[in-house]
Amino acid sequence: MTNTTHFGYKTVNEDDKVKEVAKVFHSVAAKYDVMNDLMSGGLHRIWKTFTIANAAVRPGMKVLDIAGGTGDLAKAFAKGAGPTGEVWLTDINESMLRVGRDRLLNKGLVTPTLLCNAEKLPFPDNYFDRVSVAFGLRNMTHKDQALAEMRRVLKPGGKLLVLEFSKVAAPLQKPYDVYSFSVLPWLGQRIANDSESYRYLAESIRMHPDQETLKTMMQAAGLERVQYYNLTAGVAALHTGIKL
């Protein structure tokens, strides 16, 4: 029998979710950064800066950026790791990966770029000092499997960083819902000519595990010292964990 999962608020076959998510990001890739700035008022850049600071990438480190999109984190990691380091930009979506690769090249950064599924990472055990995933985990079908894979490829002492939309503080819930289900699709239609992808974005955030649940999932995957930082009243959260 074919297993089912959620795609936003819809129930779909697991195999179909991968295809549907791919359609979303093929559609929005060209306008991804513009839409991120508009949707978050530029806050996503502050959230990423906080994540980069927590990663504390040093010269010579090996870093894996999963669902790396347009390459914001990989760019910073590559500068931190320097010429003796190794930073991989990966994504399951070819359109997004092309945008990220081209952006890095335009900045004079030549880093390995790979199309791959986070649930089946093509890297050896104990290889990376840091693994990051920003705004990508919620789109993965088997989040527990992806987290286990991320831990597998980390070296002992290595750190996983998961930046993701999360559960907003209760006083902001109603206005946040109005914004998410009314303003976001309108912006998507006006800027990217695609309201449905941004309606899916709002739904996928609601279906994603909240802060405590994701913390428990990371611990179940074998990570230690798991903690999280609420960003902008929980609109986003950075979870970190160590492989011991």
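Residues numbered from 1 in each chain as written. Predicted model: local features only at pLDDT ≥ 70, side-chain atom pairs only at ≥ 80, totals over all residues. Heavy atoms only, no water.

## Overview of the pairing of strand S6 (residues 128-134)
Spelled out, the test is: Only protein chains enter the accessibility calculation, which uses a 1.4 Å probe; a residue whose area is less than 20% of its type maximum is buried, one above 50% is exposed, and one in between is partly exposed. Per the convention used, a helix needs a DSSP run of H or I reaching at least four residues, while a strand needs a run of E reaching at least two, with both numbered from the N terminus. DSSP-based pairing: two strands are paired if at least 2 bridges between them are found.
Where burial is concerned, most of S6 is hidden: seven out of the seven residues are buried. One ladder, built from four bridges, connects strand S3 (residues 62-66) with S6; its direction is parallel. Bridge pairing in S6 links Ile 66 to Val 133. Two strands pair when backbone bridges link them, and S6 and strand S7 (residues 154-165) are joined in this way by six bridges, in the parallel orientation. Paired with Arg 130 across the bridge in S7 is Lys 159.

## Description of a nonpolar patch on the surface
This is how the line gets drawn: Put simply, a patch holds well-exposed residues, over 30% relative accessible area, that have no salt bridge, with like charges counted together within 9 Å and Val, Leu, Ile, Met, Phe, Trp or Tyr side chains within 5 Å. The accessible surface values rely on the Shrake-Rupley method and a 1.4 Å probe; as for residues, cover is taken only from the protein chains in view. Salt bridge criterion: a side-chain nitrogen from Lys or Arg within 4 Å of a carboxyl oxygen from Asp or Glu.
A cluster of nonpolar side chains, Val 34, Leu 38 and Ile 191, forms an exposed patch at the surface whose accessible area comes to about 220 Å². Positionally, Ile 191 belongs in helix H7 (residues 173-192). Residue Ile 191 is classed as partly exposed on the basis of its relative accessible area of 30%.

## Digging into the sheet that holds strand S5 (residues 113-115)
We count it as follows: Fitting a line to C-alpha atoms yields each axis, with helices limited to the stretch in contact; the angle taken between N-to-C directions then spans 0 to 180 degrees.
Strand order in this open sheet of seven strands is S5-S4-S3-S6-S7-S9-S8, and the pairing throughout is mixed. This sheet does not close on itself; its edge strands, each paired only once, are S5 and strand S8 (224-231). The average angle at which neighbouring strand axes cross in this sheet is 15°, direction not considered. Bridge analysis of S7 against strand S9 (residues 236-242) gives seven bridges, and the strand direction is antiparallel.

## Considering the UniProt feature "binding site: S-adenosyl-L-methionine" (unreviewed entry) in the chain
Let me state the cut-off plainly: UniProt positions are given in the numbering used here, feature names are shortened, and annotations may be inferred rather than shown by experiment. Residues count as neighbours in contact if any of their non-hydrogen atoms are within 4.5 Å of one another.
UniProt's feature table lists "binding site: S-adenosyl-L-methionine" (unreviewed entry) at Thr 70, Asp 91, Asn 117 and Ala 118, given in the numbering used throughout. You can see Asp 91 is positioned in strand S4 (residues 86-91). We classify Asp 91 as buried; its relative accessible area is 7%. Setting aside anything within four residues of it in sequence, one finds Asp 91 in contact with Ala 67, Gly 68, Gly 69, Met 96, Leu 97, Leu 114, Leu 115 and Cys 116.

## Concerning the environment of Leu 231
Here Leu 231 shows up in strand S8. Taking the C-alpha atoms as reference, Leu 231 lies 9.2 Å from Val 168; in sequence the two are 63 residues apart. When near neighbours in sequence (up to four residues on either side) are disregarded, Leu 231 contacts Trp 47, Phe 50, Leu 163, Ala 236, Ala 237 and Leu 238.

## Observations regarding H7
The test is simple: Fitting axes to the seven residues ending at a residue and to the seven starting there, one defines the bend at that residue as the angle between these axes.
For H7, the principal kink sits at Val 183 and spans about 30°; a proline, Pro 185, occurs within the next four residues. Those residues of H7 lying buried are Tyr 176, Ser 180, Leu 184, Pro 185, Leu 187, Gly 188 and Ala 192.

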